[in-house]
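# Commentary on secondary and tertiary structure
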Amino acid sequence: MPFREINSKMVEATIAPGQRIYSQRGAMLAYKGDVTFTPSIQGGQGGVMSMLGRRVANETTPLMTVDVPQGLNDQGGAAIGTVLFGHGGHHVQVIALSGDTLYVEADRLLAFDGSLQQGTMFMGSQGGVMGMVRGQVTGQGLFTTTLKGHGAVAVMAHGGVIELPITPGRPVHVDPQAYVAHHGDVRNKLSTALGWRDMVGRGSGEAFQLELSGSGAVYVQASEEKL
């Protein structure tokens, strides 16, 4: 895993030649070694189509490509760089992937392995019409970024993160604005806890609940505040 948690708001990434990390622009706090930072044009392993999907999804969070060029350091050994990442004083959580897919709001991504395959999923594809309502009423995006493969992802949240297991027959209900990410064989559906007349003027919480069922886990932040 390239990320090491320094404290609740900062992670350290170790990058060797030939490795690559993508980070949110402005997330670099400090670095050591021959590290290069360049704007990401292709948006990770998802390529141009991934970037197009993010534009359609209105998820335009800019990414930076972080890597170390091939070569030797001054001592004749392989060049290795270390970078400290953090952003806005937000809580940082590292999630390890072992071939599965992580679904995460784009603006919550701090940094992730460049080897992970990036894509975009329309939340309404699982939640139907109510999934489409999510973006209009709760303020969350209609689309969610997907990261698939073997590697690690550092995500941001307000006030800390808790991982809640999702098991068959025991769905988890989450305030959409407290949702950070989820992974596993999970289906999502936005449901209402109130009638349509009662929902007028209400954005989340009691009015809307994101139901996740199947087998996996969901990450929930301790605040409804958006990043």
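Residues numbered from 1 in each chain as written. Predicted model: local features only at pLDDT ≥ 70, side-chain atom pairs only at ≥ 80, totals over all residues. Heavy atoms only, no water.

Let us now look at the overall build of the chain. Within the chain, the regular secondary structure consists of two helices and 15 strands. Of all 227 residues assigned to the chain, the portion counted as buried reaches 50%. Of the contacts made within the chain by residues no fewer than 6 positions apart, 81% connect residues no fewer than 24 positions apart. For the chain, the exposed area adds up to about 10700 Å²; of that, 52% sits on carbon and sulfur atoms. (Helix = DSSP H or I, 4+ residues; strand = E, 2+ residues; numbered from the N terminus. Buried < 20%, exposed > 50% of the residue type's maximum accessible area, 1.4 Å probe, protein only. Contact = heavy atoms within 4.5 Å. Areas by Shrake-Rupley, 256 points an atom, 1.4 Å probe, with all protein chains shown as cover.)

Position of Val153 relative to the elements: it lies in strand β11 (residues 143-157). When its relative accessible area of 0% is taken as the criterion, Val153 is described as buried. Once the C-alpha coordinates of Val153 and Phe3 are considered, the two residues, 150 residues apart in sequence, prove to be 8.1 Å apart. Not counting residues within four places of it along the chain, the set of residues in contact with Val153 comprises Phe3, Gln93, Val94, Ile95, Leu97, Leu102, Leu109, Ala111, Phe112, Leu116 and Leu147.

In this section: the sheet that holds strand β1 (residues 3-7). If you walk across this open sheet you meet the four strands as β1-β2-β7-β4, and the pairing is antiparallel. Each edge of the open sheet is held by one strand with a lone partner, namely β1 and β4 (28-32). Across this sheet, the average inter-strand angle for adjacent strands is 25°, counted without regard to direction. (Pairing = 2+ DSSP bridges. Axes fitted to C-alpha atoms, helices over the stretch in contact; angles between N-to-C directions.)

Note that Lys189 resides in strand β14 (residues 179-192). Given the relative accessible area of 42%, Lys189 is considered partly exposed. In the structure, Lys189 is positioned 22 residues away from Glu211 in sequence and 5.1 Å away in space, judged by C-alpha atoms.

Another aspect to go through is the nonpolar core. Of all hydrophobic cores here, the largest spans 18 residues; its most connected members are Phe3, Val11, Ile21, Val66, Phe85 and Leu110. For this core, the elements supplying multiple residues, two or more each, are β2 (10-15), β7 (81-85), β8 (91-104), β9 (109-113) and β11. Counting 16 residues, the second-largest nonpolar core is a separate cluster that includes Leu102, Val180, Ala181 and Tyr219. (Core = buried A, V, L, I, M, F, W, Y, C linked by side-chain atoms within 4.5 Å.)

It is worth spelling out the pattern of salt bridges at this point. This structure, assessed with the given rule, holds two salt bridges. Between Arg4 and Glu12 there is a salt bridge, with its nearest N and O atoms 3.0 Å apart. For Arg20, the salt bridge goes to Asp67, with nearest N and O atoms at 3.2 Å. Within this pair, whereas Arg20 is found in strand β3 (residues 20-24), its partner Asp67 is found in strand β6 (residues 63-67), the two being separated by 47 residues in sequence. (Salt bridge = Lys/Arg side-chain N within 4 Å of Asp/Glu carboxyl O.)

With that settled, consider the confidence of the model for the chain. Per-residue confidence for the chain averages 78 on the pLDDT scale, and 68% of its residues sit at or above 70. The lowest-confidence element of the chain is helix α1 (residues 47-56), averaging 43 in pLDDT; the highest-confidence one is β4, averaging 95. Low pLDDT, under 50, characterises residues 47-59; the stretch is placed with 25 contacts to residues that sit more than four places away or in other chains. For the stretch residues 127-141, pLDDT sits under 50, and the model shows 41 contacts to residues farther than four places along the chain or on other chains. (pLDDT = per-residue confidence, 0-100.)

Let us now look at the environment of Ser223. Tracing the backbone shows Ser223 in the segment after β15 (208-221). Owing to a relative accessible area of 22%, Ser223 belongs among the partly exposed residues under this scheme. Separated by 48 residues in the primary sequence, Ser223 and Asp175 place their C-alpha atoms 9.8 Å from one another. Among all residues touching Ser223, those that are not within four sequence positions of it are His158, Gln177 and Ala178.

The buried fraction of β7 is high, at four of five residues. Here β4 pairs with β7 via four bridges, running antiparallel. What sits directly across from Met28, in β7, is Phe85.

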